[in-house]
Amino acid sequence: MRAYYNDNDPQVAAWLRNLIEAGLLPQGDVDERSITEVRGADLKGYAQVHLFAGIGGWPLALQLAGWPATRPVWTGSCPCQPFSQAVRGAGDDDARNLWPSFRRLIEECHPSTVFGEQVASKDGRLWLAGVRTDLETMGYAVGAADLCAAGLGAP
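A few points on the structure. For clarity, every value in this text was computed on a predicted model and none was experimentally measured.

### Topic: the pattern of salt bridges
Note on pairing: side chains with opposite charge can pair once their charged atoms come close.
Thinking step 1. One pass over the full model with this rule turns up 6 salt bridges.
Thinking step 2. Residue Arg2 pairs with Asp29 through a salt bridge whose shortest N-O separation is 3.0 Å. Of this pair, Arg2 sits in the segment before strand S1 (3-6) while Asp29 sits in strand S2 (residues 28-31), and the two are 27 residues apart along the sequence.
Thinking step 3. Residue Asp29 is classed as partly exposed on the basis of its relative accessible area, which comes to 30%.
Thinking step 4. The salt bridge partner of Arg33 is Asp42, with a shortest N-O separation of 3.0 Å.
Thinking step 5. Here Arg33 falls in the partly exposed class, since its relative accessible area comes to 30%.
Thinking step 6. One network of salt bridges, in which partners are shared, links Asp31, Arg33 and Asp42.

Structural data, given as structure tokens:
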């Protein structure tokens, strides 16, 4: 089965294609549309779905964890700017808050496992509380850990 990668930045999409071609990420299709344009039907038949795929961090992490490329999973790293202290985004009111689109796709397709991450800020923790509520309302069990960069030696 092929993986689905989505990122609307053309340079990032090209990078993902290069990683796939080099065999560093599982074989798959790269979609450059905004997540707001993706529909559940577009994701049917993919074992793994990586939304906001960026530089391929989630598929690499799954490989390092021993997660088979054929085992179903969805991943997503929603933009952090709405919740970052550095950017001073507008939180849920920020147009870059794309959780509602991610949530819609989860509701449409009901993937068995979903992993995600968000910036560890006050607003990020509030965002996570809303995400947790949304996922639990859909019948998912939710676990979370607050892992700040300083825990890995970063300033």
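### Examining the packing of aromatic side chains
Thinking step 1. This structure, assessed with the given rule, holds 6 aromatic pairs.
Thinking step 2. The interplanar angle of 80° and the centroid separation of 6.2 Å between the aromatic rings of Trp99 and Trp127 together place this pair among those described as edge-to-face. Residue Trp99 is located in helix H3 (residues 99-109), and its partner Trp127 is located in helix H4 (residues 122-137); the two are separated by 28 residues in the primary sequence.
Thinking step 3. Among the aromatic residues, those joined into a cluster by ring pairs are Phe52, Trp99, Phe102 and Trp127.
Thinking step 4. Across from the ring centre of Trp67, 3.8 Å away, lies the NZ or CZ of Arg71, which sits over that ring.

The rules behind each value
Just so you know, the residues in each chain are numbered from 1, in the order the chain's sequence is written. Since the coordinates come from a predicted model, pLDDT governs what is reported: local features require at least 70, and pairs of side-chain atoms require 80 or more to be given and counted, while whole-chain, interface and lining totals use all residues. Remark: hydrogens and water are excluded; side-chain values derive from all non-hydrogen atoms of the structure. Any carboxyl oxygen of Asp or Glu within 4 Å of a side-chain nitrogen of Lys or Arg constitutes a salt bridge here. Working definition: helices are DSSP H or I runs of at least four residues, strands are E runs of at least two. Numbering for both runs from the N terminus. For each residue, the accessible area found with a 1.4 Å probe, counting protein chains only, is set against the maximum for its type, and the residue is called buried under 20%, exposed over 50%, and partly exposed in between. Ring pairs shown here join Phe, Tyr and Trp side chains whose ring centres sit within 6.5 Å, with only the six-membered ring taken for Trp; geometry is labelled stacked below 30 degrees between planes, edge-to-face above 60, and tilted in between. In our convention, an over-ring charge means Lys NZ or Arg CZ found within 6 Å of a ring centre and within 35 degrees of that ring's normal.

Scope: geometric values only; no functional claims are made or implied.
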